[in-house]
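Architecture and fold: a report
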Amino acid sequence: MPSGPISTKLFELAKNHIPGGVNSPVRAFRNVGGDPFFVRRAKGCRIWDVDGREMIDFVGTWGPAILGHAPVPVIEAIHSAAKEGVSFGIPNPYEVEMARTICEWVPSIEKVRMVSSGTEATMSAIRLARGFTRRHRLVKFDGCYHGHSDSLLVAAGSGALTHGHPDSAGVPPAFAELTTVLPFNDEAALEEFFDRQGHETAALIVEPYPANAGLILPKPGFLQKLRDITAKHGVILIFDEVMTGFRLAKGGVQEIEGIKPDLTCLGKVIGGGLPVGAFGGRADIMDHLAPLGPVYQAGTLSGNPVALAAGLAQLRELERQNGYAALEDLGRMMEDAVLGILRSKGLNYRWYRRGSMFCLFFTEKEVGNLQDAKTSDLAAFRRFFHHCLDNGVYFAPSQFETGFISMAHTEADMTRTAEIAAAALAAL
Ligand SMILES: *Cc1c(COP(=O)(O)O)cnc(C)c1O
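Quick caveat, the model's predicted, so the values are computed rather than measured. (Residues numbered from 1 in each chain as written. Predicted model: local features only at pLDDT ≥ 70, side-chain atom pairs only at ≥ 80, totals over all residues. Heavy atoms only, no water.)

1. Points about the pairing of strand β10 (residues 236-240)
The condition is simple: Think of it in three bands: with a 1.4 Å probe and only protein chains considered, a residue is buried below 20% of the maximum accessible area for its type, exposed above 50%, and partly exposed in between. Think of it this way: any DSSP run of H or I at least four residues long counts as a helix, any run of E at least two long counts as a strand, and we number them from the N terminus. Think of it this way: DSSP has to see at least two bridges between two strands before they count as a pair. We call a crossover right-handed when, viewed with both strands directed away from the observer, the connection leading from the first strand over the helix to the second proceeds clockwise.
β10 sits mainly inside the fold: 5 of its 5 residues count as buried. Here 4 bridges tie strand β9 (residues 201-206) to β10, and the two strands are oriented parallel to one another. Among the inter-strand pairings, valine 206 is bridged to a residue of β10, identified as phenylalanine 239. Note that the unit made of β9, helix α7 (residues 222-232) and β10 has a crossover that is right-handed. Regarding the hand of the β-α-β motif, the stretch spanning β10, helix α8 (residues 252-257) and strand β11 (residues 263-266) is right-handed.

Here it is in structure tokens:
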């Protein structure tokens, strides 16, 4: 079904003034074809487009909406904070409360600084790691996304150990050369790299559960291997938990897996839907930031009172409702339904889930890295996506994204979703 008449008209107008009609590329639906719909309202697990169509939403604004859309405690916190002023540019009490909460929930974080996006968090953490170690090289993994700063928009070369090359026009090759891209879950490639270049490497950054190429899980022991090998070579281990932080557990993947990174990046859930990011970790490293140390980092709107009031309200509500246990129950409910449907249809597509994050890869190959994920049948995914959307269920418009369940999804929503997904798979 094409998007409705009002969405179509808005998209035409938008394209006159906004490149591609969107402010972030994945919203343009290029991976699934067709035009995007425009949203008028979102509440609970539902969104309504400008043409009045209602959808059960499993995108959740790409992760932040863990309580569902427009939860009352968050909206009230925004109202009461805004009444006192929307930005001060001088310290406010919410910053102290947020920092205290983060340090309490994520024990590896001894000190933390607030920023306004996940991109800023990773960019700043890398500068800090470079300033602290006085080394320049950076290691990342193929398929991990860490925002759009220059050092991180780098793709793997053809071999596992080639230096990176720019993944975007406008990134100077000289920057990209300082980033090495390794395959995820490959201990041999990791060891070979560290033997050769560990001594010149400032930081290794990783999504501990990569969630921007679908959802990929580390093999047992892989994250511990990262911890050990970085410690051995004096390399800063950065966990990018922008997606997983406060989504899977109070302490993120590092709590679940029992690994202590040196620095952690946060975003998404932490802002309750407003623009918030954070990076933090070992106090001896964090104290290299200005004004104490030589690494410059700043932000006009960093620690914004309205944004932090929203984020704090979301975290407190999650705690009050025992959110992570409830989300695990909902996730399991979805998993049972999906596995049942796949079995009954004789399909061997690969399903991955942790808590409220999930991905169904349209491939029979086990997915341990980006290369495996790329074996997915994208045409089949596209048909599945559009069938679901036409019937009122909105999954992310790309095979290479993770789905999110919120506290606002009910058993009835899950049952309805399962019926529609089953019909979509039958129609492939
Ligand atoms: C979304 C995301 C980012 C970037 O965050 P923005 O707020 O979009 O800049 C960085 N890292 C990970 C793991 C993400 O999922």
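2. Points about the domain arrangement of the chain
Convention followed: Boundaries between domains were set according to an automatic or database domain assignment. By definition in these notes, contact holds between two residues if any of their heavy atoms fall within 4.5 Å. Computed with a 1.4 Å rolling probe, the buried area is the accessible surface lost when two parts are put together, summed over both parts. When a carboxyl oxygen of Asp or Glu is within 4 Å of a side-chain nitrogen of Lys or Arg, the pair counts as a salt bridge. Whenever a nitrogen or oxygen atom comes within 3.5 Å of another N or O atom, the pair is scored as a polar contact, on the condition that within protein one atom can donate a hydrogen and the other can accept it, and that pairs from neighbouring residues in sequence are kept only if both atoms are in side chains. All amino acids are sorted into three groups, where Ala, Val, Leu, Ile, Met, Phe, Trp, Tyr, Cys and Pro are nonpolar, Asp, Glu, Lys and Arg are charged, and the leftover types, Gly among them, are polar.
The assigned domain composition of the chain is domain 1 (5-70 + 322-427) and domain 2 (72-319). Taken together, the 33 residues of domain 1 in the interface contact 30 residues of domain 2. Here domain 1 and domain 2 share an interface that buries about 2500 Å² over both sides, 64% of which is from carbon and sulfur atoms. Scanning the region where domain 1 abuts domain 2 turns up 0 salt bridges. Along the contact surface separating domain 1 from domain 2 lie 13 residue pairs in polar contact (both at pLDDT 80 or more). Only α11 (323-345), β13 (350-354), β14 (357-361) and α12 (370-373) provide two or more residues apiece to the side of domain 1 that touches domain 2. With 4 residues, β14 is the single largest residue contributor to the side of domain 1 that touches domain 2. Looking at side-chain class alone, the side of domain 1 that touches domain 2 contains 19 nonpolar, 10 polar and 4 charged residues.

3. Focus: the sheet that holds strand β15 (residues 393-394)
Taking strand neighbours across the sheet as the criterion, the 4 strands line up as β1-β2-β3-β15 in an open arrangement whose pairing is mixed. Single-partner strands in this sheet number two, and they are β1 (39-43) and β15. Sheet topology places β1 next to strand β2 (residues 46-49); 4 bridges connect them, and they run antiparallel. What sits directly across from lysine 43, in β2, is arginine 46.

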